[in-house]
Amino acid sequence: MTTASKMLISALALGLFCCTLARAAPQYDTGASDTEIRIGQTYPYSGPASMFSTGAKVELAYFRMINERGGINGRRINLISLDDACGPPKTVEQTRKLVEQDEVLFIFNSLGTATNAATQRYLNAKKVPQLFVATGASKISDPKTYPWTMGWLPSYRSEAFIYARYVLATVKDAKIGILYQNDDLGKDYLAGFRAGLREAADRLIVKQVPYEVAEPTIQSELTILRASGANVLLNVSSPKFAAQAIRKAGASDWKPLHILTNISNSVAGVLKPAGLDSAVGLISARYQKDPADPEWVDDDGMREFQRFMRQYYPDGDPQDLFNVYGYNVAQAIVEVLRRCGDDLTRANLLRQATNLDGLQLGTVIPGIKVTTRRFRRHSERRD
């Protein structure tokens, strides 16, 4: 082989090597670097929904554990979690701060239907991913209009639809009373429940009573519902008011078929404060393992969760289902970030988040897996 040939081969090899290096170079958007992934979040650390803030504290603790173990592909997760008191104007203010001043890569698991809706247009206009937000409202799950937004909780409408079909199948001569939060969350549940009852809705629902989140108590609302003669109660309320409703129904010796929604069925966080005797016979749906349920005492995933709580969040209640919630969603976003590799652009982050296929989380009930798809719009079954 001539010297010229050897030089040509060497030059080609060097060129290929350089191309490989170029292709492998990390890709970053604002909020990501060789050492850090900066994430933003708003949560109600104060105000009427502050009991949910323990979920955010678990997420902070989980990321601290991940960082101690080397981070994500060598990068530390820096979650900046700000208080919005579950008020949309404050959420808008804090979210703008996170994007424009703190320069986060994305918004993660901010809590609330009205609060997330208030920032949805802004974040999508900025093409900042709004991922795994803590609501199951239908207005958040509109990927064709808001492709940068993804919910996390199961659909409120689907859940309510299932409850309605259960009532039709099991309760003879049902007379239904509904307590619901007077916002998009409550109205979504109401719409799904009516859809499940179909043409029987107006006949079977004898009373619908809304309440405002700012109210101190729903005692009068429960009195109205009891006086309606309802033998079925659909309780669409946040934990504080759900506990009040359970306690009030028990104290007044009113024993309807009491249906409690998924957002407020924590044994430790709702049922025990309400009084377990008053909670006997409740009907609800659940997708997470409840640490207060003896069924999961010897479960490997629950044991791992309990070890995590002891080491990284010892001030938290290991029996609180809201802590399990934070643990699950933190696991999911860590998996998404791992899959991003060195391409930490917002476009790739959204791509990975919308292409999960059968992800099994340790404290989600076996058989329930996380699968996401882009541009898939939810629709309730009609049979």
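S.K.: With reference to specific residues and values, describe the sheet that holds strand E6 (residues 149–151).
M.R.: Reading across the sheet, the five strands line up as E3-E2-E4-E5-E6 and stay open at both edges, with parallel pairing between neighbours. In this open sheet, the two strands that pair with only one neighbour each are strand E3 (76–83) and E6. With direction set aside, neighbouring strand axes in the sheet form an average angle of 20°. Here eight bridges tie strand E2 (residues 36–43) to E3, and the two strands are oriented parallel to one another. Opposite Tyr 43, over in E3, you have Asp 83 as the bridge partner.

S.K.: Describe helix H5 (residues 156–170), listing the residues and the values that go with them.
M.R.: Working note: α-helix, 3.6 residues per turn, so residues spaced by three or four point in the same direction. Between the first and last C-alpha of H5 there are 21 Å, a value that for 15 residues agrees with the 21 Å anticipated at 1.5 Å per step. Elements in contact with the buried residues of H5: helix H4 (113–126), strand E7 (176–181), helix H6 (184–197), strand E9 (232–236) and strand E10 (257–260). The residue sitting at the N-terminus of H5 and contributing the capping side-chain oxygen is Ser 155; that oxygen lies 3.3 Å from the backbone nitrogen of Arg 157.

S.K.: Lay out the environment of Gln 360 with the relevant residues and their values.
M.R.: Position of Gln 360 relative to the elements: it lies in the segment after helix H14 (346–353). Taking the C-alpha atoms as reference points, Gln 360 and Asn 328, separated by 32 residues in sequence, lie 9.8 Å from one another. Non-local contacts of Gln 360, meaning those with residues more than four positions away in its chain, are made with Ile 365, Pro 366, Gly 367, Ile 368 and Lys 369. At 3.4 Å, the side chain of Gln 360 forms a polar contact with the backbone oxygen of Ile 368.

Parameters and conventions
- Position labels on residues start from 1 in each chain and follow its written sequence.
- Per-residue local features of the predicted model are confined to residues with pLDDT of at least 70, and side-chain atom pairs are confined, for both listing and counting, to 80 or more; whole-chain, interface and lining totals are unaffected and use all residues.
- Side-chain calculation: all heavy atoms of the structure are included, whereas hydrogens and water are not.
- Note on pairing: two strands pair once DSSP finds at least 2 bridges between them.
- Secondary structure is summarised from DSSP: a helix means a run of H or I of at least four residues, a strand means a run of E of at least two, and numbering begins at the N terminus for each.
- Lines fitted to the C-alpha atoms define the axes, with helices restricted to the stretch that makes contact. Angles between their N-to-C directions range from 0 to 180 degrees.
- To estimate how far a helix should extend, the number of its residues minus one is multiplied by 1.5 Å.
- Whether two residues are in contact is decided by their heavy atoms, any of which lying within 4.5 Å being enough.
- Polar contacts, as used here, are pairs of N or O atoms within 3.5 Å; protein pairs need one atom able to donate a hydrogen and one able to accept it. Residues neighboring in sequence count only if both atoms are side-chain atoms.

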